[in-house]
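Examination of the molecular architecture
Single-letter residue listing:
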Amino acid sequence: MNWLLDNLPQVLGLTVEHLYLSLVPTFVGVVVALGLGLAFGNRPRARAIITAVASAIFTIPSLALFVVIPSIIGTQILDPLNVLIALALYSTSLLVRTVFDALDAVAPEVLNAAEALGYSHARRRIFVDLPLAVAPLAAGTRVAAVTNVSLVSVGAVIGVGGLGQLFVSGYQRNYPDQILAGIIVILLLALVFDRVIAVTARLLTPWLHLGTAAAANGTKLRPRPHAPEVPAQHGTAAPGQETK
Amino acid sequence: MITFESVSKLYPGGTQAVTDLDLQIATGSFTVLVGPSGCGKTTSMRMINRMVAPTSGRILIDGQDVADIRAVTLRLGIGYVLQNAGLFPHRTVLDNIATVQRLLGLSKAQARTKAHEAMERVGLDASLATRYPAQLSGGQQQRVGVARALAADPPILLMDEPFSAVDPIVRLELQQEVAHLQAEIKKTIVMVTHDIDEALTLGDRIAVLAPGGVLHQYASPIDILARPATDFVASLVAKDRGFRTLSFETLTGLGTTTLPVPGPEGLIDMSALAPGWGVRVNRDSGTAAWIDADGAVFGPHPLVPADASLRTGLDAVLASPTSAALLVDGTGNIGSYFTLADLGPLLRPNEQARA
């Protein structure tokens, strides 16, 4: 613990790097998965292929992917881009299935209504399907984000790993405090990510959080500030990453 | 005018949904497509706004083949009410209603202004504007569905079993409101229902479809009741058929008896009708209460307006302890009553229908 406090500036620098390395792939993953989902959601063949490829990508161990990517796209072995690309691939793979399922979950009568009222297909996708898919999509994004936070540290083995570097040097120097510091900050980071996504999703979906009191007496809707939420999903995601 | 020209629909797999349908739906009419499930009524209606394409034949709106109109453009000009309201769960009541106006390119503020007007028209309280569909009762949701369909003021309104998912009391209320609304706005309404009662109550014209989408009769409600064209139509209207016919007949020619002058405290002595009985009128509630010799009060009983249907008149008489009902004339004057005997000459539906 003391080590963490004594080396705050160094840890802060690594945290910023860690943030960058996990945040960007999550964002890219959401955007790409959404694009794929909206474009191919109702084409069964394309969908089957995308799902299969996504599953295949997700089974590649992360370390292997970090090492292989430079030889495929010609980057330097120590280029952070390798980690970014690898994690973006994982996020996309993880999210694309969620996107398909989320879009499928939109009630048929709502789609029917949209068609009958005069929505074009593209317009319906964006203004009806997408907002209604936000909640399940956010759940998937939370898993992807937390997975990324843990996976970034694997990058430390190839020299790009944000806080993961604390594990490597802590292990090499046989200095548990440093490792502990890394674990603490990564856990905190995962927790913050998870919360930020959950709260954002909540703000984007006010219709899913209607207090029964508000419904009964017609008062204006307001988000319930202290509503209990299911604990963050990193608890289940974290052990999974160890195998990568 | 909506015209079906020998329209057929054969689904892949061999289901014949609609068979050679010819139908002319007059502008401003309320046409009900009625029949059991699998009779192609919804399919037929959905061909009007191209949600279903006919296998053969064509559908014209004011002479123009709908197949030549871009589907989205066509649909934006046709209001649509769905069975379970089909509201967008992520939009407030106001924004649900504003949907079509937004799609037509109106600004959010303009669309919302129109939506407020539509809410008023269908009897939705303004305080509901900011609620989400999940916060509404089934009846309110369906009202929002109607408001959404009407907000852009389309000349044509399609309604797909709009009241089948709400409870009977709300259904009756909504039916009355739609009938009232239609009298005011005179849209061309095409409604689908499996409920022949609903069809008879609301429709100016009823198209009876049998399984396979075969049109059996296309006529006014009274004709459907009095002269069913086929056994199928007859079986559909078999229940209470004679009694229901009375709904379409008036009290014209009804013989009445002048009411005696009210005594003190407004009590009218009805001894001439039934010894010892009296009646007291409550003008505020439009009801009458009968009072027997011992002072026991029976009521309230409705007063019958002179323009009421024969069914209403008969029902009032049957419900009255003295077998008589008070009549309100066209000027609001309550000056006479009639009895079962007075209704006798009118209660010959077959003669009436033939007349």
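Residues numbered from 1 in each chain as written. Chains lettered and ligands numbered in written order. Predicted model: local features only at pLDDT ≥ 70, side-chain atom pairs only at ≥ 80, totals over all residues. Heavy atoms only, no water.

**Points about the overall build of chain B**
Under the convention used in this document: In DSSP terms, a helix is any run of H or I states spanning at least four residues, a strand is any run of E spanning at least two, and both are numbered starting from the N terminus. Should any heavy atoms of two residues lie within 4.5 Å, those residues are considered in contact. Note on areas: Shrake-Rupley, 1.4 Å probe, and residue coverage restricted to the protein chains presented here. Positive charges come from Lys and Arg, negative ones from Asp and Glu, while His and the chain ends are left out of the count. Every charge is mapped onto a representative atom, which is NZ of Lys, CZ of Arg, CG of Asp or CD of Glu.
Helix and strand counts for chain B come out as 14 helices and 18 strands. Judged by the C-alpha coordinates and their principal axes, chain B covers about 70 × 50 × 30 Å. Taking the contacts inside chain B whose residues are at least 6 apart along the sequence as the reference set, 60% of them involve residues at least 24 apart. Split by element, the accessible area of chain B, about 15700 Å² in all, is 52% carbon and sulfur. Of note, chain B has its 29 positive side-chain charges centred 10 Å away from the centre of its 35 negative side-chain charges.

**With respect to the sheet that holds strand β10 (residues 214-219) of chain B**
Residues and elements named next belong to chain B. Using the following cut-off: Between any two strands, at least two bridges found by DSSP are needed for them to pair. The axes are straight lines fitted to the C-alpha atoms, using for helices just the contacting stretch, and the angles between their N-to-C directions are given from 0 to 180°.
With mixed pairing, the 6 strands of this open sheet are ordered in space as β6-β7-β8-β3-β9-β10. This sheet does not close on itself; its edge strands, each paired only once, are β6 (78-81) and β10. Neighbouring strand axes in the sheet, compared pairwise and without regard to direction, differ in orientation by 15° on average. Relative to strand β8 (residues 188-193), strand β3 (residues 30-34) runs parallel, the two being bridged by 5 bridges.

**Describing the side chain of B:Glu161**
Residue and element names in this part refer to chain B. Using the following cut-off: For each residue, the accessible area found with a 1.4 Å probe, counting protein chains only, is set against the maximum for its type, and the residue is called buried under 20%, exposed over 50%, and partly exposed in between. Counted as a polar contact is a pair of N or O atoms within 3.5 Å, where, for protein atoms, one must be capable of donating a hydrogen and the other of accepting one, and residues adjacent in sequence contribute only when both atoms are in side chains.
When you line up the elements, glutamate 161 lands in the loop between β7 (156-160) and α7 (168-185). Judged by relative accessible area, which is 9%, glutamate 161 ranks as buried. A distance of 2.8 Å separates a polar atom in the side chain of glutamate 161 from a polar atom in the side chain of histidine 194. With residues up to four places along the chain from it excluded, the contact list for glutamate 161 reads Lys41, Gln83, Val192, Thr193 and His194.

**Things to note about α7(B)**
All names here are of chain B. Applicable threshold: By this rule, a helix spans an expected 1.5 Å times one less than how many residues it contains. Picture the helix axis, draw a direction to every C-beta atom, and the arc is the one those directions span.
Taking 1.5 Å of rise per residue, 18 residues should cover 26 Å, and α7 covers 25 Å from first to last C-alpha, within 8% of that figure. All of the buried residues along α7 are Val170, Leu174, Gln175, Val178, Leu181 and Gln182. The arc that holds every buried residue of α7, seen down its axis, measures 135°, which confines them to one face. What points out from α7, more than 90 degrees from its buried face, is the exposed set Ile169, Gln176, His180, Ala183 and Glu184. Buried residues in α7 make contact with β3, α5 (108-121), α6 (138-150), β7, β8 and α8 (196-202). Backbone geometry just after α7 places lysine 186 at a positive phi near 50°.

**So, a nonpolar patch on the surface**
Cut-off, in case you're wondering: For patch detection, residues must exceed 30% relative accessible area and be free of salt bridges, and they are connected within 9 Å for like charges or within 5 Å for nonpolar side chains (Val, Leu, Ile, Met, Phe, Trp, Tyr). Between Lys or Arg on one side and Asp or Glu on the other, a salt bridge is scored when a side-chain nitrogen of the former is within 4 Å of a carboxyl oxygen of the latter.
The grouping of A:Tyr20, A:Val24, A:Phe27, A:Val28, A:Val31 and A:Val32 at the surface amounts to a nonpolar patch, some 520 Å² of accessible area in total. Of note, A:Tyr20 is situated in helix α2 (residues 8-40).

**Section: the packing of aromatic side chains**
We apply this condition: Each pair of aromatic rings taken from Phe, Tyr and Trp, with Trp reduced to its six-membered ring, is defined by centres within 6.5 Å and is described as stacked if the planes are under 30 degrees apart, edge-to-face if over 60, and tilted in the remaining cases.
Summed over all chains, the structure comprises 3 aromatic pairs over all chains. Ring geometry for A:Tyr119 against B:Phe88: centres 5.8 Å apart, planes inclined by 85°, an arrangement best described as edge-to-face. Residue A:Tyr119 is found in the loop between α6 (108-117) and α7 (121-152), and its partner B:Phe88 is found in the loop between β6 and α3 (93-97); the two belong to separate chains. Given the relative accessible area of 6%, A:Tyr119 is considered buried.

**A word on the sheet that holds strand β14 (residues 287-291) of chain B**
Residues and elements named next belong to chain B. As summarised here, the arrangement of the 4 strands in space is β12-β13-β14-β15, forming an open sheet in which the pairing is antiparallel. Of all strands in the sheet, those bounded by a partner on one side alone are β12 (267-269) and β15 (297-302). Ignoring which end each strand starts from, the neighbouring axes of this sheet average 30° apart. Bridge count between strand β13 (residues 278-282) and β14: 5 bridges; the pairing is antiparallel. Across the sheet, arginine 280 pairs through a bridge with alanine 289, a residue of β14.

**Remarks on the interface of chain B and chain A**
We count it as follows: Note: buried area is the sum, over both parts, of the accessible area (probe 1.4 Å) each one loses when the two are combined.
Listed by partner, the interface residues are 25 residues for chain B and 25 residues for chain A. Of the roughly 2300 Å² buried between chain B and chain A, counting both surfaces, carbon and sulfur atoms make up 63%. The three residues of chain B that bury the most area against chain A are B:His90, B:Leu103 and B:Gln135, which together make up 25% of that side's buried surface. Taken together, chain B and chain A are joined by 1 salt bridge. One salt bridge in this structure joins A:Glu115 and B:Arg75, with 3.7 Å as the shortest N-O distance.

**Remarks on the domain arrangement of chain B**
All names here are of chain B. The cut-off we apply is this: The domain limits used here are those given by an automatic or database domain assignment.
For chain B, the assigned domains read domain 1 (2-247) and domain 2 (257-349). Here the C-alpha centre of domain 2 lies 39 Å away from the C-alpha centre of domain 1. Taken residue by residue, the interface counts 5 residues in domain 1 and 6 residues in domain 2. When domain 1 packs against domain 2, close to 570 Å² is buried across both sides, 72% of that on carbon and sulfur atoms. On the domain 1 side of the contact with domain 2, Phe243, Leu246 and Ser247 bury the most area, a combined 84% of that side's loss. Inspection of the region where domain 1 meets domain 2 yields 0 salt bridges.

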